[in-house]
Amino acid sequence: MTTHHNYEIYDELHTEKLVSDESFEKLQQRRSNPLLSVHWEVKTVLYLGITLLTGGVGTLVYKNIDTIGHQVIIAFIALLTVGCFTYSFKHKKPYSRSRVETPNTFFDYVLLLGTLSFLIFVGYLQYQYTIFGTNYGLATAIPMVALFYIAYDFDHIGILNMAIANLGVWMGVTATPRHLLAEGTFNSQSIIFAYLAFGLLLLAAAWCTQKFVIKKHFKFTYEHYGIHASSVALLAGYFFNYDESISFIWLFAALGLSVGLYFDSFKEKSYYFALLSVLYGYFATSCLVFRILSMDTVGEGIIAMGMMYMTLSAVGVIFLLTSTYKKFKTA
Amino acid sequence: MIIHNKEWLNNLKLQEQFEDDHDAGCLTDNELKNLKAKYFSRLTSYGILMRVGLFVLTLIIVAFSTGMISLVLAESHLIENFMWPLILGIGNYFILEKWVKDNYHYGSGVDNALIITTAGFLIGGFGWMMDTIDNSQSHFISISLFTLAVSVYLSLRFADLLMSALSCLSLLAFIFFAWQYLGGFGMATLPFVLMLVSGGIYYFSKRLIKHPKAYYYDHCLHVLQILSLLTLYLSGNYYVVNELSNELHNTPGAPLPFGFIFWIITILLPLGYIAWGIKTRNMIMLRVGLLLVAGAVYTFRTYYHVLPIEVALSIGGAVMLLISYAVIKYLKTPKQGFTTAPLKRSSVLDHLNIESIIIGETFSNTGAAPTNPGSRFGGGSAGGGGSSAGY
């Protein structure tokens, strides 16, 4: 409900036939019995509850490992996992290639709790008994496969996010952008290539969801991580090879990717991806311009030139963004 | 007073209402489209990510263009004077007026950025001026009063949310600095005066929002309500009062006299907000109350370590799960006008899957202990899109 909700206007609109009888009836009902939704509040509390509980129990176990004993802990975690999955399978709706609505809000979080405890379970077995030996590929592949299975079978985008992150781990990188930037993991060529492959794989996955009509609503998640991973990898490749002439190939690849994604976003009608591609493309262009400016043929005027470039280019990007927005609006 | 075209503003408000009724399932898609066409508005606003992007770009433009002008004028000693930021502020203001009038921007990111830079230049210049006139003492009182005047004017002129927030905070800052001049009496009564003023702001904005003259300012008044509820709590919170009083009296570590009063406020006020919010169906109060429960718990734990942290976390988490489970069960069919069903709205939050991204971010370390549960709305890599241009 808005602050100055004007229900009187509907009387007039109803006589003008702009509002149908059925809608008018519903509006009158809403007027006499307005409903407030606490959907997001409950979800937030649920999310916080799960975060605190898993964090708290995890720390508790870690601190008391000597007195409790490993078997007890493993049994407890296994029991929790089994319990959550029993509930989830009982209430689950059958698999479908399109979107499946969740049975209720609580269901999603029980599933999340079950998945988390399953991951802890596998991690614990590996840490304590090293059941996979030193075969870390296998140790990370099993949770990953399980996560992808859960995400698709139960139609849970949150778990799909975790599965993608695990895919990144499996491919030898930490996938969440936060870690990437904070820990500055870009110190070797092979990691950059792995990350680039990861990003391109995700973009391909995004394309496949549309092409083969499998869970079309998962496309956003794949493309979101795909754009960030591949763009950041290409730019990192540029800075890593800064002193060699090969660096320009990385930069132009980044530019090319942005341009391609920009035009692709029109087909998908996703303004978010248009925005991202413009900003990554702008960053790459600015890198190029400053590289040229710093080649010291310009001399003294470089500061003024740089300032001029920043001002004018920012104006240009604003006009590009707003005109793109208009195209999306009218399309 | 307000700069925008009144008819378009009215239509914008009506469009908001139509969308709200559409989200509630009372209007069909086609009806919404027709109604929006009938009550059209040329005022331009964008989604949150676009706004952030344009905001950052505008700040870049202002920073580098003023830098360039200053560089050109550096020889003339004109820029070494407090007049320079004031001139820049006035210039900024005229560009802002022209931009908004020509492009009909209303919360597009560009106007928001120009409003902030205008206020920033003017307030910075004023502070510099006061310091030039008399640099023997600090000028918190006059600066906060000047900030209040500037931000109130800009809020009224552009119905800008951030300026409304700034007006609220600068009024409180003014009271804070002025009341200290009363000496010992002022010091002792400071928290109560601030609480009284916050309560007054809340009451004022609550009353005013229904007034026809405040028709275009309902979002601004919502900001005032949220902020005043928060400051009302913070001025009575034990931790804040204790730290501030020790800071002002130069007595670090001393316990607070009449501390029990503040403990009562610290613990009971959030619960009061929640209860009152539910009773009066006031979502703002309910949400602020929920948020402040965390504040109360944190304050309590700062002084009393009754339980080890991990036990407290586990119990707290379990209690939260139980409460939300109970609420979902209880509201399975809507009661007292409350429901847990989602609104149909495909809002930005749903659209960008913020929730799932956060789950991915916090749990991706294969379920290790989460370090910062408070970042529910802070993290999220979606914001990275805006920051990549702000290098």
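Structure: above.
Below you will find a few notes about this structure. All values reported here derive from a predicted model rather than from experimental measurement. (Residues numbered from 1 in each chain as written. Chains lettered and ligands numbered in written order. Predicted model: local features only at pLDDT ≥ 70, side-chain atom pairs only at ≥ 80, totals over all residues.)

What about the overall build of chain A?
Moving on, step 1. For chain A, the helix and strand inventory stands at 14 helices and one strand.
Moving on, step 2. Since a compact globule built from 331 residues should have a radius of gyration of about 20 Å, the 26 Å found for chain A marks it as more spread out than a globular shape.
Moving on, step 3. In terms of its C-alpha atoms, chain A occupies a principal-axis envelope of roughly 75 × 70 × 40 Å.
Moving on, step 4. Summarising the internal contacts of chain A: among those between residues at least 6 apart in sequence, 54% fall at separations of at least 24. (Helix = DSSP H or I, 4+ residues; strand = E, 2+ residues; numbered from the N terminus. Rg over C-alpha atoms; globule rule 2.2 N^0.38 Å. Contact = placed C-beta atoms within 7 Å.)

Some words on the overall build of chain B
Moving on, step 1. For chain B, the helix and strand inventory stands at 16 helices and one strand.
Moving on, step 2. When burial is assessed residue by residue, chain B has 34% of its 391 residues classed as buried.
Moving on, step 3. Partitioning the contacts of chain B with sequence separation of at least 6, the portion at a separation of at least 24 is 63%. (Buried ≥ 20, exposed ≤ 12 C-beta atoms within 10 Å, placed from the backbone.)

Focus: the interface of chain A and chain B
Moving on, step 1. Contact with chain A, which involves 77 residues of that partner, is made by 80 residues of chain B.
Moving on, step 2. Per-class residue counts for the side of chain A that touches chain B are 46 nonpolar, 26 polar and five charged.
Moving on, step 3. Where strand β1 (residues 36-37) of chain A and strand β1 (residues 338-339) of chain B come together, two bridges link them in parallel fashion. Paired with A:Leu36 across the two strands is B:Phe338, which belongs to β1(B). (Nonpolar A, V, L, I, M, F, W, Y, C, P; charged D, E, K, R; others polar. Pairing = 2+ DSSP bridges.)

Things to note about the environment of A:Ile227
Residues and elements named next belong to chain A.
Moving on, step 1. Structurally, the position occupied by Ile227 is in helix α11 (residues 219-240).
Moving on, step 2. On the neighbour-count criterion, Ile227 (24 C-beta atoms within 10 Å) is buried.
Moving on, step 3. Counting along the chain gives 31 residues from Ile227 to Ser258, while the straight-line C-alpha distance between them is 8.7 Å.
Moving on, step 4. Look past the residues within four positions of Ile227 in its chain and what remains in contact with it is Leu261, Phe273 and Leu276.

Points about the nonpolar core
Buried together is how nonpolar side chains tend to be arranged in soluble globular proteins.
Moving on, step 1. Of all hydrophobic cores here, the largest spans 137 residues; its most connected members are A:Ala254 and A:Leu275.
Moving on, step 2. Of all hydrophobic cores here, the second largest spans eight residues; its members include A:Tyr10, A:Leu13, A:Val19 and A:Leu27. (Core = buried A, V, L, I, M, F, W, Y, C linked by C-beta atoms within 7 Å.)

Thoughts on the environment of B:Glu16
Residue and element names in this part refer to chain B.
Moving on, step 1. As for its placement among the helices and strands, Glu16 is situated in helix α1 (residues 6-23).
Moving on, step 2. Exposure remark for Glu16: the 16 C-beta atoms within 10 Å place this residue in the partly exposed category.
Moving on, step 3. Taking the C-alpha atoms as reference points, Glu16 and Ile323, 307 residues apart in sequence, are found 33 Å from one another.

Comments concerning the environment of B:His139
Residues and elements named next belong to chain B.
Moving on, step 1. Tracing the backbone shows His139 in the loop between α5 (110-133) and α6 (140-158).
Moving on, step 2. Between the C-alpha atoms of His139 and Gly127, which are twelve residues apart in sequence, the distance is 7.6 Å.
Moving on, step 3. Aside from chain neighbours lying at most four places away, what touches His139 is Gly127 and Met130.

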